[in-house]
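# Geometric and topological summary
So you can see what is in the structure, the chains are spelled out below.
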Amino acid sequence: RDWSSDVCSSDLALFSGKFSIDWIAELTRRKPSEILAAMEQGVDQHWLEKQGPGLFCFSNEQKRAFLQEYWTRDEKQLLHKKIAQLLVKVLPDGSDRALLIESHLLHIDNDEETCRLLIRAGDIHRKQFRHDEALAAYVKVLQDLDQASGKDADNIFVHAAINYSK
């Protein structure tokens, strides 16, 4: 296997939308030039698409799914956690932030802060009539905070339960 396959399997394939070369560099601690070479290979082979300066996304979902199979369930969960932590740190507040992080939060155990992001994503989905996506976000919050205690956790849990029932 070549290096580009490793990078794509471990990091790129877990992103469900646009991703930045900077994010991959921080996650992998690899040189940006190495990552860019792998990404350009993906563009040349038509499974990655350049979205702007340093931004890419998968153009071939079958390839993305194939690359994800490299990792075990536990490894994927750990990578989703690392990606979520990175995105929470680097993305500015706003509705896009919640939607960009949501796909990773659905695969990990969440704290109160990340449950708030899931609720925000669920609320956006609900307002745009994407009910299945909204329900998935609310259910995840209910599962993650089921055993939590404290006023904040209770308030978040109640908010998720009310929105789930709408």
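Residues take numbers from 1 onward in each chain, read along the sequence in its written order. In keeping with the model being predicted, local features are shown solely for residues with a pLDDT of at least 70 and side-chain atom pairs are shown and tallied solely at 80 or more, while totals for entire chains, interfaces and linings include all residues. Remark: hydrogens and water are excluded; side-chain values derive from all non-hydrogen atoms of the structure.

### Some remarks on the pairing of strand 2 (residues 48–52)
- Two strands pair if DSSP finds at least two bridges between them. Starting at the N terminus, helices and strands are each numbered in turn, a helix being any DSSP run of H or I of at least four residues and a strand any DSSP run of E of at least two. Bridging between strand 2 and strand 3 (residues 55–58) involves 4 bridges; their strand directions are antiparallel. Across the sheet, residue glycine 52 finds its bridge partner in strand 3, namely leucine 55.
- With antiparallel pairing between neighbouring strands as the criterion, strand 2 and strand 3 make up a hairpin whose turn holds 2 residues, including glycine 54 at a positive phi of roughly 75°.

### What about the packing of aromatic side chains?
- What counts as a ring pair is set by centres within 6.5 Å for rings of Phe, Tyr and Trp (its six-membered ring), and what kind of pair is set by the plane angle: stacked under 30 degrees, edge-to-face over 60, tilted for all other angles. Enumeration according to the criterion identifies 5 aromatic pairs in this entry.
- On the basis of an interplanar angle of 25° and a centroid distance of 5.9 Å, the ring pair of phenylalanine 15 and tryptophan 23 is categorised as stacked. Just as phenylalanine 15 is buried, tryptophan 23 falls in that class too.
- What links up through ring pairs into an aromatic cluster is the set Phe15, Phe19, Trp23, Trp47 and Phe58.
- The rule for a charge over a ring is simple: NZ of Lys or CZ of Arg within 6 Å of the ring centre, and within 35 degrees of the ring normal. Sitting over the ring of tryptophan 47, lysine 63 keeps its end group 5.2 Å from the ring centre. Burial classes: relative accessible area under 20% of the type maximum marks a residue as buried, over 50% as exposed, and values in between as partly exposed (1.4 Å probe, protein chains only).

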